[in-house]
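These are the residues of each chain, in order.
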Amino acid sequence: MSGFQQVIQKMYLAALYCVKKSVHLPHTGSALSCLLSAAFFGALGSSFLYGYNLSVVNAPALYIKAFYNKTWVERYGNPIPAETATMLWSITVSIFAIGGLFGALSVSFIIKVVGRRGTLLLNNIFAVIAALLLSLGEISKSFEMLIIGRIVMGVNSGVALSALPMYLGEISPRHIRGFIGQFNSILICLGVFTGQVLGLPELLGQESRWNFLFSFLAVPAILQLCVLPFLPESPRYLLMEKRDEKAAEKAFQRFLGKKDVSQELEEVHAEARAQDNLHTVSVLQMLRSPAVRWQLITIIVTMACYQLCGLNAIWYYTNGILREAGFAENILPYITLSTGAVETLAAIISGLVIERIGRKPLLIFGFSSMAVFFSLLTVFLYFQNSVAWLPYLSYVCILAVIAAFCSGPGGIPFVLTGELFEQPYRPAAFMIAGTVNWLSNFAVGLLFPFIQVSFLQSFAFLVFVVVCILGSTYLCVVLPETKNKTFMDISLSFARINKMPCPPPGHEIELTLSITPDKNGKTDMCLTIYISQCIQGLYENKFPILF
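Residues numbered from 1 in each chain as written. Predicted model: local features only at pLDDT ≥ 70, side-chain atom pairs only at ≥ 80, totals over all residues. Heavy atoms only, no water.

1. Some words on the overall build of the protein
Phase 1 of the analysis: Scanning the protein for helices and strands turns up 23 helices and two strands.
Phase 2 of the analysis: Put simply, the protein has 547 residues, and 53% of those count as buried.
Phase 3 of the analysis: A separation of at least 24 residues holds for 79% of the contacts in the protein among residues at least 6 apart in sequence. (Helix = DSSP H or I, 4+ residues; strand = E, 2+ residues; numbered from the N terminus. Buried < 20%, exposed > 50% of the residue type's maximum accessible area, 1.4 Å probe, protein only. Contact = heavy atoms within 4.5 Å.)

Structure follows, in structure tokens:
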């Protein structure tokens, strides 16, 4: 083994040791490998591609516009009008969000037919088709191929950002559900960073190589197609929707690394019995249901804040902001690269601490911090022409906003969407969350330039300050902590605020025996009360039975 290989091996083992110390992962090597492989490769062909597409169009923008003009001249004999060029470029960038909306609207049907893992695998078809269209558009002298490729890639991302968090939430033990769920956010950030690195002038950010930036889209998709078929489907999906207990048992055994998974099976059975007469709920049924009203409101608010908090404005217009701040043109790609590195690092740290700190504190801290740093950025941008060193503080504020976003708001909304709803509601919940996500994404990209230029100029970011403050206030008041809770426990946390009437007295209480390890690794027997049909007043007087 070479010295370089030894260094890489030691770095990998050190990283794995830090992860196992930070979160209580399965101790069995095969289970750890299975769970982390499902999380990593599931996200690699899904959220990684979404992040990559957020940044990949920035570097070759001038070359793509030149290609549009050259193609127009060859077709019509005249240079492309400025208004038409602007319109074509705007469509190329923004139509990605329209494709994402189509993907989000279709995901509920696809998941019902082929399952969680099957949806991720099927979704790679869109990625490969988009890679071909985007990379061959220049050779074919067709800018229409680039536009169609962007919308197809948007469909891929719309499906991925719903199916992946659902899959990760259902395969994870509840004590590390947040950590595994954060792979979605980490791979988004890594995708953004990869797009920035490959877009450097020294690599693929050149006029003769920009189409290879889009060819790269096929690589993560092919890797996922090679690995994910050998990993299990969601055991909850297999048991509750396919009624295949043997396959669910095998999936639990592989993910958890133990033969006796009766406790996990009984937990899913208890939820299934509670929902025995309830099939998969449609979006319309969900919107009408008072049982999940505040869960739905919470997801809509959180997902809207995820997009409207201003980070997309930072990504779309970072170069312009830095240029206005006084940085030289030739160093802008490298400064932008540092923003991607900070984003990735913050997402990794968030994934390591989420099971210790919890979802709610990280969300509130992230939105509150963003409000503070957006306020400071507004002040620094307003006075930057008066003081020579203020542009550097503007840059620091941009980095701080990105870090604050990735500390919680960047990934936890997707985790929450899977946690706040039980099995029958989950596909419809992700469809609604995805719709809000992509509509908000499109709105920011469309409206922020007009807000900045026509109305508020340096004060444009104050709009995002208001969004962040309102979002953190709502979450502080309404959202319960979901860390280390079962899906039924989380649903019961919303029972009072949803003002659901209790059934009449005399209905049975289901007691399910569970084993919970203490800090020393020993196990204590406790009776955890799963309430599927409660007696009068039980919501107001929930009490544990202790030995």
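2. Here's the deal with the pattern of salt bridges
Pairs can form between side chains of opposite charge whenever their charged atoms are close.
Phase 1 of the analysis: Counted according to the given criterion, the structure contains ten salt bridges.
Phase 2 of the analysis: The shortest N-O distance in the salt bridge between Arg116 and Glu170 comes to 2.9 Å. Of this pair, Arg116 sits in helix α5 (residues 82-136) while Glu170 is found in helix α6 (residues 143-171), placing the two residues 54 residues apart along the sequence. The residues Arg116 and Glu170 share a single accessibility class, namely buried.
Phase 3 of the analysis: Where Arg426 meets Glu170, a salt bridge forms, and the shortest distance between an N and an O atom there is 2.8 Å. One end of the pair, Arg426, is in helix α21 (residues 426-456); the other, Glu170, is in helix α6, with 256 residues separating them in the sequence. Summarising the burial analysis for this pair, Arg426 and Glu170 share the class buried. (Salt bridge = Lys/Arg side-chain N within 4 Å of Asp/Glu carboxyl O.)

3. Regarding the packing of helix α18 (residues 359-382) against helix α20 (residues 412-419)
Phase 1 of the analysis: With their axes 11 Å apart at the nearest point, α18 and α20 run at an angle of 145° to one another. In the packing of α18 onto α20, the handedness of the crossing is left-handed. Here Arg359, Leu362 and Leu363 of α18 come into contact with α20, specifically with Ile412, Pro413, Val415, Leu416 and Glu419. (Axes fitted to C-alpha atoms, helices over the stretch in contact; angles between N-to-C directions. Left-handed = near helix turned anticlockwise from the far one by under 90°.)

4. Looking at the confidence of the model for the protein
Phase 1 of the analysis: Looking at the protein, pLDDT values average 80 and 80% of them are 70 or higher.
Phase 2 of the analysis: Averaged pLDDT values for the elements of the protein fall to 34 in strand β2 (residues 523-530) and rise to 94 in helix α10 (residues 218-227).
Phase 3 of the analysis: Contacts from residues 7-19, a stretch scored under 50 in pLDDT, to residues over four places away or in other chains number six contacts.
Phase 4 of the analysis: The model gives residues 502-547 a pLDDT under 50, and that stretch makes 71 contacts with residues more than four places away or in other chains. (pLDDT = per-residue confidence, 0-100.)

5. Some details on a negative patch on the surface
Phase 1 of the analysis: Together, Asp244, Glu245, Glu249 and Asp260 make up a region of like negative charge exposed at the surface.
Phase 2 of the analysis: Of note, Glu245 is situated in helix α12 (residues 245-256).
Phase 3 of the analysis: The class of Glu245 is partly exposed, set by a relative accessible area of 39%. (Patch = residues over 30% accessible without salt bridge, like charges linked within 9 Å, V, L, I, M, F, W, Y side chains within 5 Å. Areas by Shrake-Rupley, 256 points an atom, 1.4 Å probe, with all protein chains shown as cover. Lys, Arg positive; Asp, Glu negative; His and termini not counted. Charge placed at Lys NZ, Arg CZ, Asp CG, Glu CD.)

6. What about the packing of aromatic side chains?
Phase 1 of the analysis: On inspection of all chains with the given rule, the structure shows 19 aromatic pairs.
Phase 2 of the analysis: The interplanar angle of 15° and the centroid separation of 6.4 Å between the aromatic rings of Phe48 and Tyr52 together place this pair among those described as stacked. With Phe48 and Tyr52 both in helix α3 (residues 47-55) and four residues apart, this pair spans about one turn of that helix.
Phase 3 of the analysis: Note on Tyr52: relative accessible area 0%, which makes it buried.
Phase 4 of the analysis: On the numbers, 4.7 Å between centres and 55° between planes, the contact of Trp72 with Tyr76 is tilted. Linking Trp72 with Tyr76, this pair stays in helix α4 (residues 61-76), spanning four residues, or about one helical turn.
Phase 5 of the analysis: Aromatic rings pair up to connect Phe67, Tyr68, Phe143, Trp210 and Phe214 into one cluster.
Phase 6 of the analysis: Sitting over the face of the ring of Phe487, Arg426 holds its NZ or CZ atom 4.4 Å from the ring centroid. (Phe/Tyr/Trp six-rings, centres within 6.5 Å; stacked < 30°, edge-to-face > 60°. Lys NZ or Arg CZ within 6 Å of the ring centre and 35° of its normal.)

7. Topic: α3
Phase 1 of the analysis: Counted residue by residue, α3 has nine buried out of nine residues, so it is predominantly covered.
Phase 2 of the analysis: For α3, every residue scored as buried is listed here: Ser47, Phe48, Leu49, Tyr50, Gly51, Tyr52, Asn53, Leu54 and Ser55.

8. Concerning the environment of Ser157
Phase 1 of the analysis: Tracing the backbone through its elements, the reader meets Ser157 in helix α6.
Phase 2 of the analysis: Ser157 gets classed as buried once you look at its relative accessible area, which sits at 0%.
Phase 3 of the analysis: Separated by 112 residues in the primary sequence, Ser157 and Gly45 place their C-alpha atoms 9.7 Å from one another.
Phase 4 of the analysis: Discounting residues that sit within four places of it in the chain, Ser157 has contacts with Tyr50, Phe96 and Trp438.

9. Here we look at the packing of α3 against α6
Phase 1 of the analysis: Two numbers describe how α3 lies on α6: the axes approach to 8 Å, and their chain directions differ by 135°. In this view, α3 runs oblique relative to α6, as classed from their interaxial angle. For α3 against α6, the interelement crossing comes out left-handed. Between α3 and α6, the contacting residues are Ser47, Leu49, Tyr50 and Asn53 on the first element and Arg150, Met153, Asn156, Ser157, Leu161 and Leu164 on the second. (Parallel < 35°, antiparallel > 145°, perpendicular 65-115°, else oblique.)

10. Quick notes on the nonpolar core
Phase 1 of the analysis: Judged by nonpolar contacts, the single largest core of 135 residues is most densely connected at Ile180, Met286 and Phe374.
Phase 2 of the analysis: Those residues in contact with Ile180 that lie beyond four places of it in its chain are Leu35, Leu36, Ala39, Leu168 and Ser172.
Phase 3 of the analysis: Counting residues in hydrophobic clusters, the runner-up holds twelve residues, among them Leu239, Ala248, Phe252 and Leu256. (Core = buried A, V, L, I, M, F, W, Y, C linked by side-chain atoms within 4.5 Å.)

11. Focus: α5
Phase 1 of the analysis: Here α5 spans only 25 Å end to end across 55 residues, well under the 81 Å set by a 1.5 Å rise per residue.
Phase 2 of the analysis: The sharpest bend along α5 reaches about 110° and sits at Gly115. (Expected span 1.5 Å × (residues − 1). Bend = angle between axes of the 7 residues up to and from the residue.)

12. Looking at the side chain of Thr302
Phase 1 of the analysis: Mapped onto the secondary structure, Thr302 falls in helix α15 (residues 293-308).
Phase 2 of the analysis: Separated by 2.6 Å, the side chain of Thr302 and the backbone oxygen of Thr298 make a polar contact.
Phase 3 of the analysis: Not counting the four nearest positions on each side in its chain, Thr302 is found in contact with Pro413 and Leu475. (Polar contact = N/O pair within 3.5 Å; in protein donor to acceptor, adjacent residues only side chain to side chain.)

13. Details of unusual backbone geometry
Peptide bonds are mostly trans, and most non-glycine residues show a negative phi.
Phase 1 of the analysis: Phi at Arg243 is positive, roughly 55°, even though this residue is not glycine.
Phase 2 of the analysis: Within the secondary structure, Arg243 is located in the loop between α11 (235-240) and α12.
Phase 3 of the analysis: You will see that Asn484, though not glycine, has its phi angle at about 60°, which is positive.
Phase 4 of the analysis: By secondary structure assignment, the location of Asn484 is in the loop between α22 (462-478) and α23 (487-493).

14. Structural notes on the environment of Leu44
Phase 1 of the analysis: Considering the arrangement of structural elements, one finds Leu44 in helix α2 (residues 29-44).
Phase 2 of the analysis: Between the alpha carbons of Leu44 and Gly191 there is a distance of 8.6 Å; along the sequence they are 147 residues apart.
Phase 3 of the analysis: When near neighbours in sequence (up to four residues on either side) are disregarded, Leu44 contacts Leu49, Leu187, Pro220 and Leu223.

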